[in-house]
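What follows is the residue order along each chain.
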Amino acid sequence: MIEAQGLTKRYGNKLAVDQLSFQVRPGTVTGFLGPNGAGKSTTMRMILGLDSPTAGNVLVNGRPYEYLSAPLREVGALLDAKAMHGGRSAYNHLLCLAQSNGIPRRRVDDVLNMVGITAVAKKRTKGFSLGMGQRLGIASALLGDPGILMFDEPVNGLDPEGILWIRNLMKALAAEGRTVFVSSHLMSEMEVTADHLIVIGQGRLIADTSMRDFIERNSQAYTVVRSPQADQLTKLVTAKGGTVTPEGDSGALRVTGPEPAAIGDMAAEHGIRLHELSPRFASLEEVYMRLTQGAVEYRAGLPGGPGAPGAPQGWGQPQPGWGQPQGAPGWGQQQPQGWAPPPGPGGQPFPPQAPPAPAQQAPTHGSEA
Ligand SMILES: Nc1ncnc2c1ncn2[C@@H]1O[C@H](COP(=O)(O)OP(=O)(O)OP(=O)(O)O)[C@@H](O)[C@H]1O
């Protein structure tokens, strides 16, 4: 378990982390999301005692990291895959770590095997590709068989097979009852990996909730409908108060309002053939982009971006409904279709909730092979 309470970090005038309070629980993969510069790495560094908080505190298994007697056996972390001695082989890199932390030598072979780099274990790491370096970093994190694992952008540089592997690894580690805390900008990957999300923007907490709630509570359900009688169906649905728009360029319709069953019944009553009727929610990426828009510090001036001709109105502006002390007027106006106003009177899209009870008791992780 990781517990942050009022965690704050200031670098000169820059408030990198601003009174963050959250818990990362065992038995789940918790995704840590936020735009560039939001304070994720700073938070992770404070968890690992690599940076000291300006205010507040963060505990690992109930104690500050520096008070852990065998840190590598309690927390394994991948923060920077390049943080290794290039002249050393992968094997020796892990062996040094093992020996300085009282971890048996045979565990080195185990983790090399687990991450699939046994064949290159005797090669110097300076010749490693980004993906090989990531795997070695993950091996280092796993070395002490810790109950808590933290990964900062673990899929960086991994090929599709590697991405699938790390996804399954993180899920398996959580299923064993471990605490898995992972930051990533790859939303599609996060969506299929994390059970719980902590989202920050400009150092502040935006959301602390289950993946399901994050998406369902911040987007409106809709139905994708495909019919050879699309015009007829559109008239019917709009006459009943529903909204119909094209679903991208796919030729399908996006219907908001009536439930899928009601759309099917309407179509049947009027002899309209349906080729598809699929209930949908917005993707994590859509919800995330929406909720963090106002917290993005660094943005490329691409065509269509803020300030560019034709840029969407409100682009880059803080969104009313979160990050403000009071509920702000205007929410719900000019919302892209598919979005629901965030619940709650303001301040955040929804209040951080008490996370669910740990799925299971963590088994013992101290099995020194
Ligand atoms: N050592 C430092 N000295 C001064 N400012 C720093 C330092 N470390 C981080 N910052 C600043 O603190 C803010 C948070 O940075 P941090 O690296 O934690 O963000 P992040 O969410 O991890 O970003 P990214 O997704 O780009 O990795 C940024 O504005 C950054 O420039």
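Residues numbered from 1 in each chain as written. Predicted model: local features only at pLDDT ≥ 70, side-chain atom pairs only at ≥ 80, totals over all residues. Heavy atoms only, no water.

Asks: Help me understand the sheet that holds strand E7 (residues 179–183), please; the structure alone is not making it clear to me.
Replies: Strand pairing in a sheet takes place through backbone hydrogen bonds and is either antiparallel or parallel in direction. In spatial order, the strands read E5-E6-E7-E3-E8-E9; together these six strands make up an open sheet with mixed pairing. Edge positions in the sheet fall to strand E5 (75–78) and strand E9 (204–210), since each of these pairs with one other strand and no more. Each neighbouring strand pair of the sheet contributes to a mean axis angle of 15 degrees, computed without reference to strand direction. Each of E5 and strand E6 (148–152) is contacted by helix H5 (residues 130–142), which is oriented at about 170 degrees to E5, the strand it contacts most. Relative to E7, helix H6 (residues 160–175) is tilted by about 150 degrees, and along the sheet it contacts strand E3 (29–33), E6 and E7. (Pairing = 2+ DSSP bridges. Helix = DSSP H or I, 4+ residues; strand = E, 2+ residues; numbered from the N terminus. Axes fitted to C-alpha atoms, helices over the stretch in contact; angles between N-to-C directions. Contact = heavy atoms within 4.5 Å.)

Asks: How should the packing of aromatic side chains be read in this particular structure?
Replies: The geometry of two aromatic rings is summed up by the distance between their centres and the angle between their planes. With the rule as written, the count across this model stands at three aromatic pairs. Relative to Phe 181, the ring of Phe 22 lies with its centre 5.9 Å away and its plane at 35 degrees, an arrangement referred to as tilted. Of the two residues, Phe 22 sits in strand E2 (residues 14–24) while Phe 181 sits in strand E7, which places them 159 residues apart along the sequence. Taking relative accessible area as the criterion, Phe 22 reaches 3% and is therefore assigned buried. For Phe 181, a relative accessible area of 0% translates into the label buried. In this structure, Lys 122 packs its charged tip against the face of Tyr 91, placed 4.9 Å from the ring centre. Between Arg 135 and the ring centre of Trp 165, over which it is positioned, the NZ or CZ distance is 4.8 Å. (Phe/Tyr/Trp six-rings, centres within 6.5 Å; stacked < 30°, edge-to-face > 60°. Buried < 20%, exposed > 50% of the residue type's maximum accessible area, 1.4 Å probe, protein only. Lys NZ or Arg CZ within 6 Å of the ring centre and 35° of its normal.)

Asks: What am I meant to see in helix H3 (residues 90–100) here?
Replies: For the α-helix, the turn length of 3.6 residues means that residues three or four positions removed from each other point alike. Listed as buried for H3 are Ala 90, Tyr 91, His 93, Leu 94, Leu 95 and Ala 98. At its buried positions, H3 is contacted by helix H4 (106–115) and H5. Following H3 by one or two positions, Gly 102 has its phi on the positive side, about 65 degrees.

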